[in-house]
Amino acid sequence: MKRKGIVLALAAVAAGGVQAQDQERSGDSELTLAEVDALTHRLDMMPEIYGQLGLVMEHRDTDGTPGSETAFRDSNSWIGLRNRTELMPGTEGFFRAEWTSIPSADEDRDRMFDEHVEYAYIGLEGDFGRIWGGVDDTVYEQQLDRVANFFEGEYRDEDGDTERHLFGPYTTGRDRLVQYTTPSWGDFQLHAAVQLKEDGNPEVENDEEKESRPYQAVLSYTPGNWEWALGMDSNDGGEVLGATPTERERLEAANENTYGGRMTYDGERWHFTAQYQHRKDIASVAALLTSYRIGPNRFSISWERERDELEPETETTNAYTAQVLHDLTESMAVYVEGYKASSNEQTPDRSDLMIGARYRF
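Being a predicted model, the structure only gives us computed values, none of them experimental.

Bringing the overall build of the chain into the picture now. For the chain, the helix and strand inventory stands at five helices and 17 strands. Here the chain holds 361 residues, and 40% of them are scored as buried. Sequence separation of 24 or more characterises 53% of the internal contacts of the chain that already satisfy a separation of 6 or more. Total accessible area on the chain stands at roughly 19,700 Å², and carbon and sulfur atoms take up 56% of it.

The next thing to look at is the nonpolar core. Membership of the largest hydrophobic core is limited to 10 residues, which are Val56, Leu166, Val285, Ala319, Leu325, Ala333, Tyr335, Tyr339, Ala341 and Met354. Those elements that provide at least two residues to this core are strand S15 (315–327) and strand S16 (332–342). When residues in this core are grouped by element, the largest group, four residues, is from S16. Leaving out residues up to four positions away in the same chain, Met354 has contacts with Val56, Met57, Glu58, Gly153, Arg164, Tyr335, Val336, Glu337 and Tyr339. Phe94, Trp132, Val139 and Ala193 belong to the second largest nonpolar core, which has six residues in total.

With that out of the way, let us pick up the pattern of salt bridges. Counted according to the given criterion, the structure contains 18 salt bridges. Notably, a salt bridge pairs Arg60 with Glu58, separated by 3.9 Å at the nearest N-O pair. With respect to burial, Arg60 and Glu58 carry one shared label: buried. Among the ionic contacts, a cluster of salt bridges with common partners joins Glu58, Arg60, Glu69, Arg73, Arg164, Arg350 and Asp352.

Attention shifts here to the packing of aromatic side chains. Aromatic ring pairs are reported here in terms of the distance separating the ring centres and the angle at which the planes meet. Scanning all chains against the criterion turns up seven aromatic pairs. Plain terms: the ring middles of Trp226 and Trp228 are 6.0 Å apart, the flat faces sit at 20° to each other, and that makes the pair stacked. Classification of Trp226 as partly exposed rests on a relative accessible area of 35%. Since its relative accessible area comes to 39%, Trp228 is described here as partly exposed. For the ring pair Trp270 and Tyr292, a centre distance of 4.7 Å and an interplane angle of 50° mean the geometry is tilted. Linking Trp270 in strand S12 (residues 270–279) with Tyr292 in strand S13 (residues 283–294), this pair joins segments that are 22 residues apart in sequence.

Overall, the predicted model of the chain reaches an average pLDDT of 82, with 73% of residues at or above 70. Per-residue pLDDT stays below 50 along residues 104–112; that stretch engages in 31 contacts with residues further than four places along the chain or on separate chains.

Attention now goes to the side chain of Gln52. Mapped onto the secondary structure, Gln52 falls in strand S1 (residues 48–62). From its side chain, Gln52 meets the backbone oxygen of Asn76 in a polar contact 2.9 Å long. Setting aside anything within four residues of it in sequence, one finds Gln52 in contact with Ser75, Asn76, Ser77, Trp78, Glu152, Arg358, Tyr359, Arg360 and Phe361.

Let us now look at the environment of Glu118. By the element assignment, Glu118 lies in strand S5 (residues 117–126). Through-space distance from the C-alpha of Glu118 to that of Gly80 is 9.3 Å; in sequence the pair is 38 residues apart. For Glu118, the contacting residues outside a window of four places in its chain are Glu98, Trp99, Thr100, Val135 and Arg174.

Moving on to unusual backbone geometry. One non-glycine residue, His165, lies in positive phi territory at about 75°. You can see His165 is positioned in the loop between helix H3 (139–144) and strand S7 (177–181). Even without being a glycine, Arg176 presents a positive backbone phi close to 60°. Secondary-structure assignment places Arg176 in the loop between H3 and S7.

Let us now look at the pairing of S7. Consecutive side chains along a regular strand alternate between the two faces of the sheet. Taking every second residue as pointing to the same face, the buried face of S7 carries Leu177, Gln179 and Thr181, while none of Val178 and Tyr180 on the other face is buried. Relative to S7, strand S6 (residues 129–135) runs antiparallel, the two being bridged by five bridges. Residue Trp132 lies in a different strand from S7, and its bridge partner there is Gln179. Sheet topology places S7 next to strand S8 (residues 188–195); five bridges connect them, and they run antiparallel. Bridge pairing links Tyr180 to Ala192 in S8.

Here is what the cut-offs are and how they apply
Residues numbered from 1 in each chain as written. Predicted model: local features only at pLDDT ≥ 70, side-chain atom pairs only at ≥ 80, totals over all residues. Heavy atoms only, no water. Helix = DSSP H or I, 4+ residues; strand = E, 2+ residues; numbered from the N terminus. Buried < 20%, exposed > 50% of the residue type's maximum accessible area, 1.4 Å probe, protein only. Contact = heavy atoms within 4.5 Å. Areas by Shrake-Rupley, 256 points an atom, 1.4 Å probe, with all protein chains shown as cover. Core = buried A, V, L, I, M, F, W, Y, C linked by side-chain atoms within 4.5 Å. Salt bridge = Lys/Arg side-chain N within 4 Å of Asp/Glu carboxyl O. Phe/Tyr/Trp six-rings, centres within 6.5 Å; stacked < 30°, edge-to-face > 60°. pLDDT = per-residue confidence, 0-100. Polar contact = N/O pair within 3.5 Å; in protein donor to acceptor, adjacent residues only side chain to side chain. Pairing = 2+ DSSP bridges.

Shown next as C-alpha cells:
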C-alpha cells in the first residue's frame, strides 16, 4: 500500500474511533478538522516503503565451455525508503535509501555505506533547481546510458562485475557524489556532478588521488516527445573494473575525457533510443533500442557495440537483446528475454535465455 493510502486509511480509522468514544460520552461529538489535519500531517511525514521482488530462470550457454548453466535466482530485488517534505514555501527536502540484492560493481571497499546499499542520498529541490549528495547513479549515467539499464535480466557475478550489457567507458563512481540539476530554461537543463574522492585520507600516499575531483557535465533538451543529451565525464582518478596492471597504466597515461550523446523518442506506443560514447584510446560504445507497447504487452529489441582498445589487439563486441514483457497487473509483470553476445577470438560467444517475473510495491 502506498503512503498516501496508509495516511487516508489511518486517518479514517482514527476519526471513527475518536467519534465512537466521544459519542459514548456526549452522544454527538465529532473529531475536529484540525485534529484530522494534525494526524494526517504526522503520517505524511513518514517515509514511503517501496521495493521489487524479481526472480528469473536463466539458461546460459558459452562457446568453448562443456555443457551449459541453468539457474533459478534472484533478478535485481530491492527494498527502499523515500520521502519529501516542504521545508519552506517553494523548497522541499527529500531523501532516498535503497538496498539491493545484487553485489556492488564498485571495487572500492572504502565506501560511505555497505556495498549492498544501492542508493543513499539527501537533497533540496526548489526554484533554484535540485541539489543532492550521497550514493546515486551519476547524472552522466542517468542521461546518457539508457540502453544498458533498460532490460530486466541484469546479472552480476560474485565479484560484482557486470556480465551483461555494455556500459560506456566512463569511470567516475557513484559514491561520495554531489550532484545538481538546474531548473528548466525552456526545454533545456544543465546537469552536473562532482565526486569527492579520498581527500584528507592519510592512508593515500599519492597526493593527486587525495585531491581527485572527478566531475561530469550534461546538457539535455526535451522538446515534446523527444529527448536529446550531450555530456562528458572527466574520469579523473577513475579505474575500469577488471583492468590489468598494464591497462591501468595506459588509463592513467591517457587520462582522457569520455564524451557521449543520446537521442530518444518516447511516444504513446513507440520508444526509440540511439546513443554513442567515446573515450580516446580506451573504448567506444554505441547502442540502439526500440520498443513497442500495445495494451499490457511491450516488445523490445536492442543492439549494443563496444570497440575496446585496451586489449593487446582491438576487440569488438556486439550484443543483441530481445524481450517480450506482459503486465499482469499494475504491480506484477512477467517476461521472456533473449541475449546474444559475440566478439572476436579473444572472448567466447555466449547466449542467454531468461524467463522471469517481477513484483513492485
